[in-house]
Amino acid sequence: MTDTMDDDNEATALAAEYALGLLTTDEAAAFEAAMAVDPDLRGFYALWAEDFVSVADGIDPVPPPQAVLERINADLFPMPATAKPSLLARLGLLPAALTGLVAAGAVLLVVNLDILRPLPFAPDYTAQVVAEDQSLIVLAAYDADTHLLRLDRSAGAAQTGRSLELWLVVGDAAPVSLGILADTDQTEITLPVNLAAGIPGGILAISDEPLGGSPTGGPTGAVLAVGPITVL
């Protein structure tokens, strides 16, 4: 009995450290592998995630001072003095991209635990495509070997008579459509080789489009969410 209690206490403490991001890369990977096969461990993590998220429930959001936001943008997206503004800057997406990065940690705690189940493919890249107000949250995972892009939508949906269209943005090139998000929570898209080459270092964006997608080959509606693609 005592051994069981000690094991539970150790597992609970480990789940708390994982939820707070205190584990090393190797420790976190080992913990995620263990969660994939241990429902009790997933339960410990879920309880800690809910507890930590609730800590901020009574705190009103405070926007950062403009000078701080500009300094963060300059550090994350350095631009030579002679360079023209990037496509993201011209689209006004830099604040949204920054918000996606800042929100990523919170998203991982709030999103359901489906992301922890063993996947039938081996993703090499991931992205959290998140609206500034988190009204739309889509987690993307990409397997470079199969060129399969899996999208799990945990919040938000297309408006009646409209479609959510996914775009790949690479550098200053024009956004390229990757397809329409399905009405279900999960969408799978197999990318052609020429588009797959743009995944490393690219950015995913989702726009509101007419039913069936943009008629022009480029975004025509509001860009609702954006997220940088990162290597796992």
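Conventions we followed
For every chain, the first residue of its written sequence is number 1, and the numbers climb from 1 along that sequence. In keeping with the model being predicted, local features are shown solely for residues with a pLDDT of at least 70 and side-chain atom pairs are shown and tallied solely at 80 or more, while totals for entire chains, interfaces and linings include all residues. Side-chain metrics in this entry use all non-hydrogen atoms of the structure; hydrogen atoms and water are not considered. Any two rings among Phe, Tyr and Trp, with Trp reduced to its six-membered ring, count as a pair given centres within 6.5 Å; such a pair is stacked if its planes are under 30 degrees apart, edge-to-face if over 60, and tilted if neither. Labels follow the DSSP assignment, with helices taken as runs of H or I lasting at least four residues and strands as runs of E lasting at least two, numbered in each case from the N terminus. Buried, partly exposed and exposed residues are distinguished by accessible area as a fraction of the type maximum, computed with a 1.4 Å probe on protein chains only: under 20%, between the cut-offs, and over 50%, respectively. Expected span, for any helix, means 1.5 Å times one less than how many residues it has. The directions from the helix axis to the C-beta atoms are what the arc is built from. What qualifies as a polar contact is a pair of N or O atoms within 3.5 Å, subject to a donor-acceptor requirement within protein and to the restriction that residues adjacent in sequence count only when both atoms come from side chains. As used in this record, nonpolar core signifies buried Ala, Val, Leu, Ile, Met, Phe, Trp, Tyr and Cys residues forming a set joined through side-chain atoms within 4.5 Å. Residues count as neighbours in contact if any of their non-hydrogen atoms are within 4.5 Å of one another.

S.K.: How would you explain the packing of aromatic side chains if you had to name every residue and give the values?
M.R.: Scanning all chains against the criterion turns up 3 aromatic pairs. Summarising the aromatic geometry, the rings of Tyr18 and Tyr45 are spaced 5.4 Å apart at their centres and angled 70° between planes, so their arrangement reads as edge-to-face. Placement of Tyr18 in helix H1 (residues 2–19) and of Tyr45 in helix H3 (residues 39–54) is noted, with a sequence separation of 27 residues between them. With 6.4 Å between their ring centres and 40° between their planes, Tyr125 and Tyr142 make a pair best called tilted. Separated by 17 residues along the polypeptide, Tyr125 in strand S1 (residues 125–130) and Tyr142 in strand S2 (residues 137–143) bring together distant segments of the chain. By the burial criterion, Tyr125 is buried, and Tyr142 matches it. Among the aromatic residues, those joined into a ring-pair cluster are Tyr18, Phe31 and Tyr45.

S.K.: I'd love a proper account of the environment of Ala49, names of residues and values included.
M.R.: Inspection of the secondary structure assignment puts Ala49 in helix H3. Put simply, Ala49 and Leu20 are 29 residues apart on the chain and 8.5 Å apart in space, counted from C-alpha to C-alpha.

S.K.: Residue-level account of the environment of Ala141, with values.
M.R.: The topology assignment puts Ala141 in strand S2. Taking relative accessible area as the criterion, Ala141 reaches 15% and is therefore assigned buried. As for Ala141 and Gln128, which are separated by 13 residues in sequence, their C-alpha atoms are 9.0 Å apart.

S.K.: Go over H3, please, and point to the residues and values.
M.R.: In this model, H3 (16 residues) spans 23 Å end to end at C-alpha, consistent with the 22 Å of a helix rising 1.5 Å per residue. For H3, the full list of buried residues reads Leu41, Tyr45 and Ala49. The buried residues of H3 occupy an angular sector of 70° when projected down its axis, which confines them to one face. Exposed and facing more than 90 degrees away from the buried side of H3 are Pro39, Asp40, Leu47 and Glu50. Of the residues flanking the start of H3, the one acting as N-cap is Asp38, its side-chain oxygen 3.0 Å from the backbone nitrogen of Asp40.

S.K.: I'd like to hear about the nonpolar core, residue by residue, with values.
M.R.: Looking at soluble globular proteins, one finds that nonpolar side chains tend to be buried together. Within the largest apolar cluster, 24 residues are counted, with the highest numbers of intra-cluster contacts made by Leu149, Leu151, Leu166, Leu178, Leu204 and Ile206. Taken together, the elements giving at least two residues each to this core come down to S1, S2, strand S3 (148–155), strand S4 (162–169), helix H7 (193–196) and strand S7 (203–210). If we ignore the near neighbours within four places in the chain, the residues touching Leu204 are Ala127, Val129, Ala140, Leu166, Trp167, Leu168, Leu178, Ala225, Val226, Gly227 and Ile229. In terms of nonpolar packing, the next biggest core, distinct from the first, is built from 11 residues, Ala11, Leu23, Tyr45 and Ala49 among them.

Geometric descriptors of this kind do not, in isolation, establish any biological role.
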